[in-house]
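The residues making up each chain are set out below.
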Amino acid sequence: MRLDKYLKVARLIKRRTVANEACDNDRVTVNGRPAKASYDVKVGDILEIRFGQKTLKLEVLAVAEAVRKDDAAAMYRELPQ
């Protein structure tokens, strides 16, 4: 699954276009490297997303095309900084 779509489906970023812009502006890294929106997300990847001053670090636990709102948080696990 594309990185921008994963960020939307997992409800980390509200809209796919916003996720795409975040990737274009190097605000998202995968396994320590800046990633493009077209990056293919795999289970076990470590994502870092910068929201202004705050950085969110997480591990991908599942990749699914569509999930319910309640199940979205089960797609990833937050990691300590």
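To be clear, the structure that these remarks concern was listed above.
Note that the structure is a prediction, hence the values are computed from the model and not measured.

**Some details on the sheet that holds strand β4 (residues 54-60)**
Hydrogen bonds along the backbone pair up the strands of a sheet, which may run parallel or antiparallel.
Consideration 1: Strands sit in the order β2-β1-β3-β4-β5 across an open sheet of five strands; the sheet is antiparallel. The open sheet has two edge strands with one neighbour each: β2 (33-34) and β5 (76-78).
Consideration 2: Alignment of strand β3 (residues 46-51) against β4, held across six bridges, turns out to be antiparallel. When the bridges of β4 are listed, E48 appears paired with K57.

**Considering the nonpolar core**
Consideration 1: Ranked by internal contacts, the top residues of the largest apolar core, which has 23 residues, are L3, Y6, L7, L12 and L47.
Consideration 2: Elements with a contribution of two residues or more to this core: α1 (3-9), α2 (16-24), β1 (28-30), β3 and β4.
Consideration 3: Of all the elements, α1 adds the most residues to this core, at four residues.
Consideration 4: Those residues in contact with L47 that sit more than four places away from it in its chain are L3, Y6, L7, T29, V30, L56, K57, L58 and V60.

Each value, and the rule that gives it
Residues numbered from 1 in each chain as written. Predicted model: local features only at pLDDT ≥ 70, side-chain atom pairs only at ≥ 80, totals over all residues. Heavy atoms only, no water. Pairing = 2+ DSSP bridges. Helix = DSSP H or I, 4+ residues; strand = E, 2+ residues; numbered from the N terminus. Core = buried A, V, L, I, M, F, W, Y, C linked by side-chain atoms within 4.5 Å. Buried < 20%, exposed > 50% of the residue type's maximum accessible area, 1.4 Å probe, protein only. Contact = heavy atoms within 4.5 Å.

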